[in-house]
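A look at the structure
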Amino acid sequence: MNPRKLTGNASVDAIATMAITGNVIPATWYKTITTASGKADLAAINILSDVLYWYRPSEIRDEATGDIIAYRKRFSADLLQRSYDQLAEHFGLSKRQAKDAVVRLEELGAVRRVFRNVDCGAGMMGNVMFIAIDPAQVLELTYPDQSDDLDPMAKKRHRYDGGDAKSDTPMSEFRHRYGEKSPDIYKDYSETTERLSSDHPTNQPERLSCDKGDGGLAETSESFERAWEKVPGSKASQCAKEKAWRVWQGSLSDHGVDGDFLASSYRRYVIQQEQAGTEARFIATLSTWLKPNRPITGLSLDAALENRREQRARAERRSAERRAEEEHRKEEERIRALETEWRDSDPEAQRLWSLAWDYGAGFDRMGDAMRDYRAYRDERFRPG
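Residues numbered from 1 in each chain as written. Predicted model: local features only at pLDDT ≥ 70, side-chain atom pairs only at ≥ 80, totals over all residues. Heavy atoms only, no water.

Looking at the UniProt feature "coiled-coil region" (unreviewed entry) in the chain
- Mapped onto the present numbering, the UniProt feature "coiled-coil region" (unreviewed entry) falls at residues 303-341.
- Across residues 303-341, the secondary structure splits into 100% helix and 0% strand, with the terminal C-alpha atoms separated by 57 Å. (UniProt positions renumbered as here; feature names shortened; annotations may be inferred. Helix = DSSP H or I, 4+ residues; strand = E, 2+ residues; numbered from the N terminus.)

Digging into the side chain of Glu 339
- By the secondary structure assignment, Glu 339 is in helix α12 (residues 301-345).
- Residue class for Glu 339 comes out buried when judged on its relative accessible area of 12%.
- Excluding residues within four positions of it along the chain, Glu 339 makes contact with Tyr 373, Arg 377 and Phe 381. (Buried < 20%, exposed > 50% of the residue type's maximum accessible area, 1.4 Å probe, protein only. Contact = heavy atoms within 4.5 Å.)

Some remarks on the sheet that holds strand β5 (residues 124-133)
- With antiparallel pairing, the 3 strands of this open sheet are ordered in space as β3-β5-β4. Two strands bound the open sheet, and with one partner strand each, they are β3 (80-81) and β4 (111-119).
- Bridge analysis of β3 against β5 gives 2 bridges, and the strand direction is antiparallel. From the neighbouring strand, Gln 81 faces β5, where its bridge partner is Phe 130. (Pairing = 2+ DSSP bridges.)

What to know about helix α4 (residues 84-91)
- Within the span of α4, buried status applies to Tyr 84, Leu 87 and Ala 88. One side of α4 carries all its buried residues, which in axial view fall inside an arc of 100 degrees. Residues Glu 89 and His 90 are exposed on α4 and point more than 90 degrees away from its buried face.
- Those residues of α4 that are buried are in contact with α3 (42-55), α5 (95-108), β4 and β5.
- Once α4 finishes, Gly 92 follows within two positions and takes phi at roughly 70 degrees, a positive value. (Arc of directions from axis to C-beta.)

Quick look at the structure:
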């Protein structure tokens, strides 16, 4: 099958079939982000393009219509976490070159370094670097001739209903419409999730309100909150929390466990995955982890319950062994007490016992006397 001709130029048509992805570098940055000598600061430009990629929202589309229904951020925390080592490895720089480039971007006002102490589950990590971005300064660096224009994209807007958008129309009011009014893509993602769930019913629990003021999740338990702390931030929406709370309550009764067991087990699972380098998007959220028979890599709920059963079985075996040893010791003490009482009442037994402990007669005579005493005891003494 011959490829379709797009432009008539073989090279251009071949490149058109490639799904090329990556960071975007505006051409103006080569003029606005420069070194002291006036040359383009390539290291700083590449790093800023990567930071800008992570701060650009990703689209969420309706599977049925293809319309954009929401945006969400690409990283889990409130700021993008990056280290100099990560930047250096990604762009083929030395750690010093990466640090100097970030410092130059900070001096330009495009980014800001924020250092925090972060709880990684296994302990506190100090001086972890996060990078904040200044959209206004990035706009100025990208559109140096339009820096006073709050929205340079306004001139390029159009609508599919035949009208033209005004240049001062804010982005939140602008829609690409194909007839029907599209949903508000700037609403909270959890509300969008709720709406889609109601349009396409599943076997999930009854409708989630996702809002405390609307009869939603009002109060949870301390153990649940300790488990929820470890849910990846990108998955920790209000709807997800309400769903997890309902599954959590069912797990307490179905498996006969307490909240502390579930919380500690889920926290161990997340820490295990983080230490293994698993991306946050592949770490199971709390409600998924709580459901049995799920193919979860690492410490699943089924594995945690099995470990708990094995630990209890081992503890019961050790307890039974200790009880048996204690009963055996008490029985021996009882028999010795009865033997002492019998020996004190039997003159022959007393004589043989005295000879068995007569050190003056020598060890050979003592051994013979002890054997005679035991033979006499076995013949006459009946304990119990």
